[in-house]
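Commentary on secondary and tertiary structure
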Amino acid sequence: MQNKLYNILVPVDFTAKNKWAIAKAIEMANNFNCNIHLVHVVFKPVFPFFPIDASRFTPYASHINMQACREKLTRLKAAYKNQLCGEGEIEISLLQGQPQEQLRQYIELYNMDMVVLGLSKFNLLQRIISSISISMLARKTNIPILAVRSGGLVSHFKKIVLPLYNDIPVERIKLATMLARSFRSTVYLVSLRSHLSNGKNIADKTLELVQSVSTIPVQCFLLEGKNLAKSTLDFSKRINADLILGQSIKESRLPGLWNRITNKLLSYASKIPVLTFDKTTEQA
């Protein structure tokens, strides 16, 4: 992760949830003078959950659909370009194929720094049928995935919560520091009291690292509870946090059998925007 954002990717499917994803991307772009890439991936499986694109069997219909999608992207760019007040630009791209793979290739080819995804109100169905999974995309791309919903469109990130797991979160610290400098934020380091010996040790080392590289305001809290994701979410609600920096690992999943079955990450449960990192990103 760099000390500046240059390119933000927003996958679009022309539904309502794209509006708040683009709005948040524009806010970030205006703060960091970076570019926004609106990318639509055309993919129609032959059968649900069957990863073969039906367009190869209907070339004419596929061509008409591609033209329609290209026109939608052009209109989307025109609708939002005047909201950019910095040096950044809005780029549009139309891809075809399996969405996770196409986005991965695009991210690598054009050096994306962040992905912003909009979440729908009824996100259980989205988690089951969506071709873009937050945890899988974070794993495949090794860049942070910011998930926002309509209720999470705060104007600035003034309070940033950073939950601590088993290692010092180097990359999350870098991003938290960059965002805190730009938005004049306070960073809250949180860990579980039940993991007192290890949690306090990680918290102390993380605090020391943050203070060694920046003068941003930072505070440490030991939380009650047995599940870090739930305790982090409860704490974030109490302090009216604006952003949570989490990971796509087991500890970031909410407790309960149903949540395990449906792979309910913190990002899907929170009305507060959540930036999800992959575990391997922390080892940089």
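Just above, that's the structure.
A short tour of the structure in this document, coming up. Here the residue numbering is sequential within each chain, running from 1 through the sequence in written order. Whole-chain, interface and lining totals are the exception, using all residues; otherwise, since this is a predicted model, local features are given only for residues with pLDDT of at least 70 and side-chain atom pairs are given and counted only at 80 or more. To get the side-chain values, all heavy atoms of the structure are used, and hydrogens and water are removed first.

**Let's talk about the packing of aromatic side chains**
We call Phe, Tyr and Trp rings a pair once their centres come within 6.5 Å, taking the six-membered ring for Trp, and we label the pair stacked below 30 degrees between planes, edge-to-face above 60, and tilted otherwise. What the rule picks out here adds up to 6 aromatic pairs. Summarising the aromatic geometry, the rings of Tyr188 and Phe235 are spaced 6.1 Å apart at their centres and angled 65° between planes, so their arrangement reads as edge-to-face. Within this pair, whereas Tyr188 is found in strand 7 (residues 186-192), its partner Phe235 is found in helix 8 (residues 228-238), the two being separated by 47 residues in sequence. A relative accessible area of 10% means that Tyr188 is categorised as buried. Among the aromatic residues, ring-to-ring pairing joins Phe32, Phe157 and Phe183 into one connected group. Put simply, a charge is over a ring when the Lys NZ or the Arg CZ is close to the ring centre, within 6 Å, and near the line of the ring normal, within 35 degrees. The positively charged end of Lys4 is found above the aromatic ring belonging to Tyr6, 4.7 Å away from the centroid. Working definition: helices are DSSP H or I runs of at least four residues, strands are E runs of at least two. Numbering for both runs from the N terminus. Per-residue accessibility, obtained with a 1.4 Å probe over protein chains only, is compared with the maximum for each type, and a residue is labelled buried under 20%, exposed over 50%, and partly exposed between these values.

**Regarding the pairing of strand 4 (residues 114-118)**
Consecutive side chains of a regular strand alternate in pointing toward one face of the sheet and then the other. Among the 5 residues that make up strand 4, 5 are buried, leaving the element largely enclosed by the rest of the structure. What you see with strand 4 is no split at all: Met114, Val116 and Gly118 on one side and Val115 and Leu117 on the other are buried throughout. Here 2 bridges tie strand 1 (residues 7-11) to strand 4, and the two strands are oriented parallel to one another. Bridged to Ile8 within strand 4 is Met114. Strand pairing is assigned whenever DSSP identifies at least 2 bridges connecting the two strands.

**Some words on the packing of helix 1 (residues 17-32) against helix 6 (residues 170-183)**
A fitted line through C-alpha atoms serves as each axis, taken over the contacting stretch for helices, and the angle formed by two N-to-C directions is quoted from 0 to 180°. Remark: helix 1 packs on helix 6, axes separated minimally by 11 Å, with the N-to-C direction vectors making an angle of 80°. Comparing their axes, helix 6 and helix 1 come out roughly perpendicular. Seen from helix 1, the contacting residues are Glu27, Met28, Asn31 and Phe32; seen from helix 6, they are Met178, Leu179, Ser182 and Phe183. Any residue outside Ala, Val, Leu, Ile, Met, Phe, Trp, Tyr, Cys, Pro, Asp, Glu, Lys and Arg is labelled polar, Gly included; the first ten of those are nonpolar and the last four are charged. By residue class, the composition of the contact of helix 1 with helix 6 is 5 nonpolar, 2 polar and 1 charged. Roughly parallel refers to an angle under 35 degrees, roughly antiparallel to one over 145, roughly perpendicular to one between 65 and 115, and oblique to any angle outside these ranges. Residue contacts follow a heavy-atom distance rule, with two residues in contact if any of their heavy atoms lie within 4.5 Å.

**A look at the pattern of salt bridges**
Should a side-chain nitrogen of Lys or Arg be within 4 Å of a carboxyl oxygen of Asp or Glu, the pair is scored as a salt bridge. If you walk through the whole model with that rule in mind, you get 7 salt bridges. In this structure, Arg104 and Glu101 form a salt bridge, with 2.4 Å as the shortest nitrogen-oxygen distance. Placement of both Arg104 and Glu101 in helix 3 (residues 99-109) is noted, with a separation of 3 residues, approximately one turn of the helix. Classification of Glu101 as partly exposed rests on a relative accessible area of 27%. Salt-bridge contacts for Lys174 lead to Glu171; the nearest nitrogen and oxygen are separated by 3.2 Å. Residue Lys174 and its partner Glu171 are located together in helix 6, separated by 3 residues, close to a single helical turn. Where salt bridges share partners, they join Glu101, Arg104 and Glu108 into one cluster.

What is shown is where atoms sit, not what they do.
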